[in-house]
Amino acid sequence: MRNLLLCFALLFSGFLTSCGDNTGNKEEEKTEEIVNSENDLQEKESSETETGVILFFGNSLTAGLGVESEEAFPALIQEKLDSLRLDFEVVNAGLSGETTAGGRNRIDWVLNQDVEVFVLELGANDGLRGVPVEETKRNLQAIINTVREKNPDTQIILAGMQMPPNMGKDYTSRFSNIFPELAEENEVHLIPFLLENVGGIAELNQNDGIHPTAEGQKILAENVWDVLEPIVEEKMVVEE
């Protein structure tokens, strides 16, 4: 389209100039404006496509159940990125009630875009339902595999989770070990415990004792940012 407009403008200005009309200079200026507008559009489109996507894939903790959408920790991460002028777009793919099996089933649909950083926050609902540890680990591994197959360069962050003691000592121990084991086996980044300094603290949780309040979500955002910050900063340096 750009070439067509340029050719038309040049031919038209040449015709007027050959007739001795002084509007030729104006047409040349118009041609230059067309070229500059096309360049600006291409630069804008290029800058838009360069924005990196950070995808949060999780359950109600990610979705921000019980708080406003802008108070959920993924939205707070977006605010942090914007304040630091880091060119990333946060996508919140949290779904309340999601299990690792459910996440495994919908991961292909979610990965319909290029993702720079993938934050995997699943497993808590498995634990609360007493799903066998081996099954939870297998599902999480399948999700990691799918992300890697889609784009080997995607940085993966795994959010660690722990169960309350009433689930039994053996189960809670084996469950909490899932996350560091997967992180080591797959060489992915690990948030040791997403609910660190929030879980079990009544004033930071809603009445159900499970889902963080808006203040609790701020702490979750800091727990995530501790691991995410060096990753996004490194990516910005590489792109520059």
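Residues numbered from 1 in each chain as written. Predicted model: local features only at pLDDT ≥ 70, side-chain atom pairs only at ≥ 80, totals over all residues. Heavy atoms only, no water.

With that settled, consider the sheet that holds strand β4 (residues 155–159). Taking strand neighbours across the sheet as the criterion, the 5 strands line up as β2-β1-β3-β4-β5 in an open arrangement whose pairing is parallel. Here the strands that pair on one side only, and so sit at the sheet edges, are β2 (88–94) and β5 (189–191). Within the sheet, the average angular offset between the axes of one strand and its neighbour, ignoring direction, is 20 degrees. Across 4 bridges, strand β3 (residues 117–121) lies against β4 in parallel orientation. (Pairing = 2+ DSSP bridges. Helix = DSSP H or I, 4+ residues; strand = E, 2+ residues; numbered from the N terminus. Axes fitted to C-alpha atoms, helices over the stretch in contact; angles between N-to-C directions.)

Below, the discussion takes up helix α5 (residues 100–110). Along α5, the residues classified as buried are T100, G102, G103, R106, I107 and V110. For α5, the angular spread of the buried residues around the axis is 140 degrees, confining them to a single face. For α5, exposure combined with an orientation more than 90 degrees from the buried face picks out N105 and D108. Where α5 is buried, its residues contact β1 (52–58), β2, β3, α6 (124–128) and α7 (133–150). (Buried < 20%, exposed > 50% of the residue type's maximum accessible area, 1.4 Å probe, protein only. Arc of directions from axis to C-beta. Contact = heavy atoms within 4.5 Å.)

A complete count under the given rule lists 1 cavity of 30 Å³ or more for this structure. In this structure, the largest cavity encloses a volume near 30 Å³. Lining the largest cavity are L111, Q113, D114, V115, V147, K150, N151 and T154. Its residues placed into classes, the lining of the largest cavity shows 3 nonpolar, 3 polar and 2 charged. (1 Å grid on protein atoms, 1.4 Å probe; cavity = no way out; pocket = protein on both sides within 12 Å on 5 of 7 lines; lining within 4 Å. Points joined across faces, edges and corners; volume = space filled by probe spheres on them. Nonpolar A, V, L, I, M, F, W, Y, C, P; charged D, E, K, R; others polar.)

Next up on the list: the pairing of β1. The buried count for β1 comes to 7 of 7 residues, which makes it a mostly enclosed element. Burial along β1 is two-sided: G52, I54, F56 and G58 and V53, L55 and F57, pointing in opposite directions, are all buried. Note that β1 and β2 share 7 bridges and pair parallel. Bridge assignment links L55 to a residue of β2, and that residue is V91. As judged from the 5 bridges shared by β1 and β3, these two strands associate in the parallel manner. Each bridged residue has a counterpart across the sheet, and for G58 the counterpart in β3 is E121.

So, on to the layout of surface pockets. Within this model, the largest pocket holds a volume of roughly 460 Å³. Together, 25 residues line the largest pocket, and L128, P164, L195, G209 and I210 are the ones closest to its centre. Secondary structure elements with two or more residues in the lining of the largest pocket: α3 (60–63) and α6. The leading source of residues in the lining of the largest pocket is α6, at 3 residues. Across the lining of the largest pocket, the residue classes tally to 13 nonpolar, 11 polar and 1 charged.

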